[in-house]
Amino acid sequence: MKSKSYRWVVLLVYILAGIISQIMWITFSPILPIVEEIYRVGDAEVGLLSAVFPIVFIILALPVGYYVDKRGFRRAVLLGSAFFAVFGVLRVFATTFLLLLVFQTLAAVGQPFIFNSISKLVKSWFPAEEAGLATGLGSISLFIGTILGLSLTPVLTVTLGFEKMLLTYGVAAFIVLFLFFILGKEAETEVLEEEYRLKEYVDVLKNRNVFILSIIAFIGVGIFTAYLTWVEPVLEDHGLDVETAGLTASALLFGGIFGSILIPALSDRVGKRRPFLFVCFALSAVLFYIHTLSLLFSSFSDSSSFQPYHSLLICQQRL
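**Q** Explain the packing of helix α4 (residues 73–90) against helix α9 (residues 162–183) to me, please; I cannot follow it from the model alone.
**A** A pair of packed helices can be characterised by two numbers: the angle between their axes and the separation between those axes. Their axes nearest at 8 Å, the elements α4 and α9 cross at an angle of 160°. One way to sum up the angle between α4 and α9 is to call them roughly antiparallel. As α4 packs across α9, the resulting crossing turns out to be left-handed. For the pair α4 and α9, the contacting residues are Phe73, Arg74, Val77, Leu78, Ser81, Ala82, Phe84, Ala85, Val86, Gly88 and Val89 in the first and Leu166, Gly170, Val171, Ala173, Phe174, Leu177, Phe180 and Phe181 in the second. Each residue belonging to the contact of α4 with α9 can be placed in one class, and the counts come to 15 nonpolar, 3 polar and 1 charged.

**Q** For this particular structure, what's the right way to read a nonpolar patch on the surface?
**A** A cluster of nonpolar side chains, Ile55, Ile58, Ile59, Ile215, Phe218, Ile219, Ile223 and Phe288, forms an exposed patch at the surface whose accessible area comes to about 750 Å². Here Ile215 lies in helix α11 (residues 208–237). By relative accessible area, which is 39% here, Ile215 ends up partly exposed.

**Q** What am I meant to see in unusual backbone geometry here?
**A** Residues apart from glycine generally show negative phi values, whereas peptide bonds are mostly found in trans. Positioned with a positive phi, Arg40 is a non-glycine residue whose angle comes to about 55°. Residue position: Arg40 is located in the loop between α2 (32–39) and α3 (43–71).

**Q** Even after reading the chapter, I still don't get the environment of Ser81, so can you show me in this structure?
**A** Along the polypeptide, Ser81 turns up in helix α4. Residues contacting Ser81, with those up to four places away along its chain left out, are Ala17, Ile114 and Leu177.

**Q** Is there a simple way to think about the nonpolar core in this case?
**A** Nonpolar side chains tend to gather and get buried jointly when the protein is soluble and globular. Ranked by size, the top nonpolar core spans 64 residues in total, and within it Leu11 and Tyr14 carry the most contacts. When residues in this core are grouped by element, the largest group, 13 residues, is from helix α1 (residues 6–26). When neighbours within four sequence positions are excluded, Tyr14 is seen to be in contact with Val77, Ile114, Phe115, Ser117, Ile118, Leu121, Gly138 and Phe180.

**Q** Would you explain the environment of Gln111 in this entry?
**A** As for its placement among the helices and strands, Gln111 is situated in helix α6 (residues 110–115). Take Gln111: its relative accessible area is 9%, and that puts it in the buried class. In this structure the C-alpha to C-alpha distance between Gln111 and Phe53, which are 58 residues apart in sequence, comes to 7.5 Å. Other than its neighbours up to four places away in sequence, Gln111 contacts Ser21, Gln22, Phe53, Phe57 and Phe84.

**Q** Got a minute to help me understand the packing of aromatic side chains in this structure?
**A** Each aromatic ring pair is specified by the distance between its two centres and by the angle formed by the two planes. Evaluation of the coordinates by the stated rule reveals 9 aromatic pairs. Taking the centre distance of 5.0 Å and the plane angle of 75° together, the rings of Trp8 and Phe126 count as edge-to-face. Of the two residues, Trp8 sits in helix α1 while Phe126 sits in the loop between α7 (118–125) and α8 (131–160), which places them 118 residues apart along the sequence. By relative accessible area, which is 6% here, Phe126 ends up buried. With centroids separated by 5.8 Å and ring planes inclined at 80°, the aromatic side chains of Tyr67 and Phe113 adopt a geometry described as edge-to-face. Placement of Tyr67 in helix α3 and of Phe113 in helix α6 is noted, with a sequence separation of 46 residues between them. In this structure an aromatic cluster arises from ring pairing among Phe28, Tyr39, Phe97 and Phe162.

Here is what the cut-offs are and how they apply
- Residues numbered from 1 in each chain as written.
- Predicted model: local features only at pLDDT ≥ 70, side-chain atom pairs only at ≥ 80, totals over all residues.
- Heavy atoms only, no water.
- Axes fitted to C-alpha atoms, helices over the stretch in contact; angles between N-to-C directions.
- Helix = DSSP H or I, 4+ residues; strand = E, 2+ residues; numbered from the N terminus.
- Parallel < 35°, antiparallel > 145°, perpendicular 65-115°, else oblique.
- Left-handed = near helix turned anticlockwise from the far one by under 90°.
- Contact = heavy atoms within 4.5 Å.
- Nonpolar A, V, L, I, M, F, W, Y, C, P; charged D, E, K, R; others polar.
- Patch = residues over 30% accessible without salt bridge, like charges linked within 9 Å, V, L, I, M, F, W, Y side chains within 5 Å.
- Areas by Shrake-Rupley, 256 points an atom, 1.4 Å probe, with all protein chains shown as cover.
- Salt bridge = Lys/Arg side-chain N within 4 Å of Asp/Glu carboxyl O.
- Buried < 20%, exposed > 50% of the residue type's maximum accessible area, 1.4 Å probe, protein only.
- Core = buried A, V, L, I, M, F, W, Y, C linked by side-chain atoms within 4.5 Å.
- Phe/Tyr/Trp six-rings, centres within 6.5 Å; stacked < 30°, edge-to-face > 60°.

This is the structure we're talking about:
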């Protein structure tokens, strides 16, 4: 019988799998000009390499969630990690942009298997009073992986070359797959073959609170994904340098890490979820609106380059 402390080992290897997922997603965003030059494509095509991840997630979220409930988080995370390992390595051999996009899309299939598994893992291994904290710690992989992808990719590309950078990430994915196979165990009390019917999923979708939460999360994740994908070119178009763009993205990510630890812990302590969700959504909306206004004002302050509707045109071009 495994000790209760082993739950932290399982959570740790899960976090590693989540980190690989985010690195695979954000790989091409920080080296956008290099990818454009190698494959002779525009920034819209390169942006598609990141956009396929949320698109695939939307399509597979429900069927993968059903699979996780039926088969357990271990099988799901292993399957997702296998997608990243295999197609992460195959990206090295993509001689055309279309082939690279195909391999990136197939790698993206692994993401819902990993991130849909956190609730099942927490339910299996952690007591109710630690559920929020454990889920928050699992979510940290979102931000750590993105930070590593944004910071390491340019360095590895310059020092090793484009193909060896991709190979490095592919090998890392295989290592994480091996570690989770060895250490990512199901709890002994977990019943894998639970009975879940399609009607139960439909009933959940009809729940008003679930529907509202899903819409807000859909908008929030969409903004987060788009912002990190286009942060450098958009801020540069507003007269801000690359360093400022990097600091802005880093501030967003480090804030996410801090919130992933603090807010779930407070929620567990208080025993309530709704007030924290409301405060987080409200603060995010207000602060992001202020951030957007600051970009507009920065454009106005640059009288030599600013033209009417310049910011609107930039947004239209990026979309």
